[in-house]
Amino acid sequence: MNTYEKVAALLDQHQARYRVVEHEAIGQTDLISEIRGNDLNQAAKAMVLEVTMPDGADARYLLAIVPGDCKINFKSAARAIGGKKSSFAPPEKAQELTQCVMGAVPPFSFDDRLALRVDARLRDVGTLWFNAGALDRSIALQVDDFFKIVGEECCAEIATPVTATA
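Residues numbered from 1 in each chain as written. Predicted model: local features only at pLDDT ≥ 70, side-chain atom pairs only at ≥ 80, totals over all residues. Heavy atoms only, no water.

The name given to the protein in an unreviewed UniProt entry is Ala-tRNA(Pro) deacylase, with the source organism recorded as Candidatus Pantoea symbiotica.

**Some details on the overall build of the protein**
The number of helices and strands found in the protein is five helices and 10 strands. In terms of overall size, the protein behaves like a compact globule, its C-alpha atoms giving a radius of gyration of 15 Å where 166 residues would be expected to give roughly 15 Å. With respect to the principal axes defined by its C-alpha atoms, the protein has extents near 45 × 45 × 30 Å. Looking at the protein as a whole, 48% of its 166 residues are labelled buried. Sequence separation of at least 24 residues holds for 69% of the intrachain contacts in the protein that already meet a minimum separation of 6. (Helix = DSSP H or I, 4+ residues; strand = E, 2+ residues; numbered from the N terminus. Rg over C-alpha atoms; globule rule 2.2 N^0.38 Å. Buried < 20%, exposed > 50% of the residue type's maximum accessible area, 1.4 Å probe, protein only. Contact = heavy atoms within 4.5 Å.)

**Digging into the UniProt feature "domain: YbaK/aminoacyl-tRNA synthetase-associated" (unreviewed entry) in the protein**
The UniProt record annotates "domain: YbaK/aminoacyl-tRNA synthetase-associated" (unreviewed entry) at residues 32-148. Note that residues 32-148 is 21% helix and 38% strand, and that its end C-alpha atoms are spaced 26 Å apart. (UniProt positions renumbered as here; feature names shortened; annotations may be inferred.)

**Some details on the pairing of strand 8 (residues 137-142)**
Pairing of strand 1 (residues 18-22) with strand 8 involves five bridges; the strand directions are antiparallel. Directly across from Tyr18, in strand 8, lies its bridge partner Leu141. Examined bridge by bridge, strand 7 (residues 127-134) and strand 8 share six bridges and lie antiparallel to one another. Paired with Trp129 across the two strands is Ala140, which belongs to strand 8. Once strand 7 ends, the chain turns through two residues before running back antiparallel as strand 8. (Pairing = 2+ DSSP bridges.)

Laid out in structure tokens, this is it:
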């Protein structure tokens, strides 16, 4: 089963309210949001981080989900899973853990080695938009259904709003 099929099966299993939108293959949040017609804050940007743990413990991996109009706060993201600091995971490791090309990663982890944290700002967006394992396919999902599936314990403050410069 590919990642899109896993996402669709998960959403169907939970009787989630969603729709699939097919579009040009784009993995850039601002451009795809414009094509889909969603507000940037409704877009779920997924980033795989490598987290340095305290006391020399092995690094952990985190799938951090932030609104499209925000950037990741690396320190807050690390703390959300008990770590000290974080950085982007090597691309090969991110692809191994997500089974997706970057830009197509959905806001769900299907690998036990990949913890999930979702920025709290996404709680109030109504509809969550994300690429669904493929760059040419997105899903619009009711955010309440999303949090019923992933659990409230995944919610954390891990992003910082991007401020526009004049």
